[in-house]
Amino acid sequence: MPIALVDGNNFYVSCERVFDPSLEGRPVIVLSNNDGIAVARSEEAKALGIRMGEPFFRIRDLVRREGVRVFSSNYPLYADMSRRMNETLARFSPEVEVYSIDESFVGLGGFRRRELVAYARDLRATMKTWTGIPVAVGIGPTKTLAKLANRCAKKMPGFDGVCDLTDPAPRARILPTVPVAAVWGIGPAATLRLAQLGVRTAADLRAMPPELARRILTVAGARIVRELNGDSCLDLDLLPAPRKGTAVTRSFGRPVVAWTDMEEAVSAFAARAGEKLRAQGLAAAHLAVFMHTHRFNRDPAYANVRAANLVPATDDTFALVGAAVRAARAIWRDGFRYTKAGVVLADLVPRARVAPDLFARGADGRAARLMAAMDALNARMGRNTVFPASAGLARPWKIRAERRSARYTTSFAELPCVAAR
């Protein structure tokens, strides 16, 4: 069955451009948490030499000189635009595997090969019309070849955003031009090992004997070689795998030096983790809290983690907050400048399968009804409309996002307005 990989071009930047057309044709970058490094760049910004992961302080002068537009990450907007992209893909195929926020594999079974490119161009045009996001489409008989075709669709102008590698002839022509490091699943260490054997292109890797590939690259590498030869080894994952854990971690907007601020932060993280559990019908039987100072400055260093079992497993915000605060207090040490902390939940189980504790808080169902009411209010009125008081109001530790655009699609207060003339 042919498989397509649909990938949003410079996705975060494209999301910003949907709601601000003045950004078209201009260099644009999106920064990471706390406005630290560049995590998305427009083609114009790449042409200026701005690299992925470039610290913002190093390019501040270039940004000012070249008129680069700079945005803080707007994750609510990007997640909602990703949802809209996948809803659009579902109109073209019932088989959609969401691979990342900006990439999805799409099953294209039932199409004759000559129809694939036309169908992909229609998909691409529809995506642009319905969501405003430009995408590239790579088609192949395997996931690995679809990924490689997507790269060609983006980087080789002759394909105009759609590349089909289902036929052996174009594969024979294109694979020798692709560096082996660009093959999905081949990391820097594997690239070095392969270079020592004279394997420098995707075509070289495809020609490797399976036994050698297994010895040099393990079973995963042998699978990549088979996929490059058109032998599908990776099926579409149409149902998300059950989650084994979830986490809420944040770098602080400014160093935390007071326990009261850390208590607020950990409470907020635990409350958010509880919302994520309930949204998926899960409960956690294990919780861990960590905190650490900056790893690379000259401040005194400290890092620690404390775990706790949750008996019975729970999705109750107040139970999670209580356990998280107790764990954080146990590892807190005065005199340090903490830059990051987080709450990690593990041993997740379906909430319906948790045996109730007749002596626990809310065993009569009131706690569950309270959680449902909180979630309903936050869904309707916006996140953090209702939250535990221990999470604080001012939150001086929260992430810096001084350049964030409006949450155009997820906040009523930030909906774009059109003025009538």
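Quick word on the overall build of the chain
Then comes step 1: What the chain contains, in helices and strands, is 13 helices and 12 strands.
Then comes step 2: Taken against the 2.2 N^0.38 rule, which gives 22 Å for 421 residues, the C-alpha radius of gyration of the chain at 24 Å falls within 12% of a compact globule.
Then comes step 3: The C-alpha extent of the chain, read off along each of the three principal axes, is 65 × 55 × 50 Å.
Then comes step 4: Scored against the burial criterion, the 421 residues of the chain give a buried share of 45%.
Then comes step 5: Roughly 22,000 Å² of accessible area belongs to the chain as shown, and the carbon and sulfur atoms make up 54% of that amount.
Then comes step 6: Taken as two groups, the 62 positive and 41 negative side-chain charges of the chain have centres that lie 3 Å from each other.

As for the packing of helix α6 (residues 143-155) against helix α10 (residues 210-228)
Then comes step 1: Running from N to C, α6 and α10 cross one another at 70°; their axes reach a closest spacing of 7 Å. Here α10 runs roughly perpendicular to α6, going by the angle between their axes. For the pair α6 and α10, contact is made by K143, T144, L145 and L148 and by I224, E227 and L228, respectively.
Then comes step 2: Here the residues of the contact of α6 with α10 are counted per class, giving 4 nonpolar, 1 polar and 2 charged.

Observations regarding helix α1 (residues 11-19)
Side chains of residues three or four places apart in an α-helix project in the same direction, reflecting 3.6 residues per turn.
Then comes step 1: For α1, a buried count of 7 out of 9 residues is recorded, marking the element as mostly surrounded by other parts of the structure.
Then comes step 2: Burial in α1 covers these residues: F11, Y12, V13, S14, C15, E16 and R17.
Then comes step 3: Elements that come into contact with the buried residues of α1 comprise β1 (3-8), β2 (28-31), β3 (38-41), α2 (43-47), β4 (69-72) and α4 (75-89).

Structural notes on the layout of surface pockets
Then comes step 1: Of the pockets and cavities examined, the second largest pocket occupies roughly 910 Å³.
Then comes step 2: Of the residues belonging to the lining of the second largest pocket, the class tally is 17 nonpolar, 8 polar and 16 charged.

A look at the pattern of salt bridges
Then comes step 1: Using the criterion set out here, one finds 19 salt bridges in the structure.
Then comes step 2: Note that R272 is salt-bridged to E275, the shortest N-O span being 3.0 Å. Of this pair, R272 and E275 both sit in helix α11 (residues 259-279), 3 residues apart, which is roughly one turn of that helix.
Then comes step 3: Connected through shared salt-bridge partners, D80, R83, R84 and E87 make up one network.

Some points on the environment of A328
Then comes step 1: Position of A328 among the secondary structure elements: in helix α12 (residues 317-331).
Then comes step 2: In the structure, A328 is positioned 61 residues away from S267 in sequence and 9.7 Å away in space, judged by C-alpha atoms.
Then comes step 3: Excluding anything up to four places from it in sequence, A328 contacts W259, V266, V289 and M291.

A look at the sheet that holds strand β9 (residues 245-256)
Pairing between the strands of a sheet comes from backbone hydrogen bonds, and it takes one of two forms, parallel or antiparallel.
Then comes step 1: The strand order across the open sheet built from 4 strands is β9-β12-β10-β11, with neighbouring strands paired in antiparallel fashion. Pairing within the sheet leaves two strands with one partner each, and these edge strands are β9 and β11 (303-314). In this sheet, neighbouring strand axes are inclined to one another by 15° on average, regardless of whether the strands run parallel or antiparallel.
Then comes step 2: In this structure, β9 lies alongside strand β12 (residues 338-350), joined through 8 bridges in antiparallel fashion. Directly across from S251, in β12, lies its bridge partner K340.
Then comes step 3: Along the sheet, α11 contacts β9, β10 (282-293), β11 and β12; its crossing angle with β9, the most-contacted strand, is approximately 155°.

A closer look at the side chain of N86
Then comes step 1: Relative to the helices and strands, N86 resides in helix α4.
Then comes step 2: Residues in contact with N86, not counting those within four places in the same chain, are V96, V98 and S104.

Here's the deal with the packing of α11 against α12
Then comes step 1: Interaxial distance between α11 and α12 falls to 8 Å at its minimum, and their mutual angle equals 145°. The element α11 and its partner α12 pack so that their crossing is right-handed. In this structure, α11 contributes W259, E263, V266, S267, A270, A271, G274, L277 and R278 to the contact, and α12 contributes T317, L320, V321, A324, V325, A328 and R329.
Then comes step 2: For the contact of α11 with α12, the per-class residue count stands at 10 nonpolar, 3 polar and 3 charged.

Quick look at the side chain of N378
Then comes step 1: With respect to the secondary-structure elements, N378 resides in helix α13 (residues 366-381).
Then comes step 2: Setting aside its immediate chain neighbours within four residues, N378 contacts E275, R383, N384, T385 and V386.

Describing the sheet that holds β4
Then comes step 1: One open sheet accounts for 3 strands, arranged β3-β2-β4; its pairing is mixed. Both outer strands of the open sheet, β3 and β4, are each paired with one neighbouring strand and no more. Across the sheet, the mean angle separating the axes of adjacent strands is 25° when strand polarity is ignored.
Then comes step 2: In this sheet, β4 lies alongside β2 in parallel orientation, the contact comprising 4 bridges. Looking at β4, one finds that L31 is bridged to S72.
Then comes step 3: Taken strand by strand, helix α3 (residues 56-66) contacts β2 and β4, and its axis lies near 155° from that of β2.

Rules behind the numbers
- Residues numbered from 1 in each chain as written.
- Predicted model: local features only at pLDDT ≥ 70, side-chain atom pairs only at ≥ 80, totals over all residues.
- Heavy atoms only, no water.
- Helix = DSSP H or I, 4+ residues; strand = E, 2+ residues; numbered from the N terminus.
- Rg over C-alpha atoms; globule rule 2.2 N^0.38 Å.
- Buried < 20%, exposed > 50% of the residue type's maximum accessible area, 1.4 Å probe, protein only.
- Areas by Shrake-Rupley, 256 points an atom, 1.4 Å probe, with all protein chains shown as cover.
- Lys, Arg positive; Asp, Glu negative; His and termini not counted.
- Charge placed at Lys NZ, Arg CZ, Asp CG, Glu CD.
- Axes fitted to C-alpha atoms, helices over the stretch in contact; angles between N-to-C directions.
- Parallel < 35°, antiparallel > 145°, perpendicular 65-115°, else oblique.
- Contact = heavy atoms within 4.5 Å.
- Nonpolar A, V, L, I, M, F, W, Y, C, P; charged D, E, K, R; others polar.
- 1 Å grid on protein atoms, 1.4 Å probe; cavity = no way out; pocket = protein on both sides within 12 Å on 5 of 7 lines; lining within 4 Å.
- Points joined across faces, edges and corners; volume = space filled by probe spheres on them.
- Salt bridge = Lys/Arg side-chain N within 4 Å of Asp/Glu carboxyl O.
- Pairing = 2+ DSSP bridges.
- Left-handed = near helix turned anticlockwise from the far one by under 90°.

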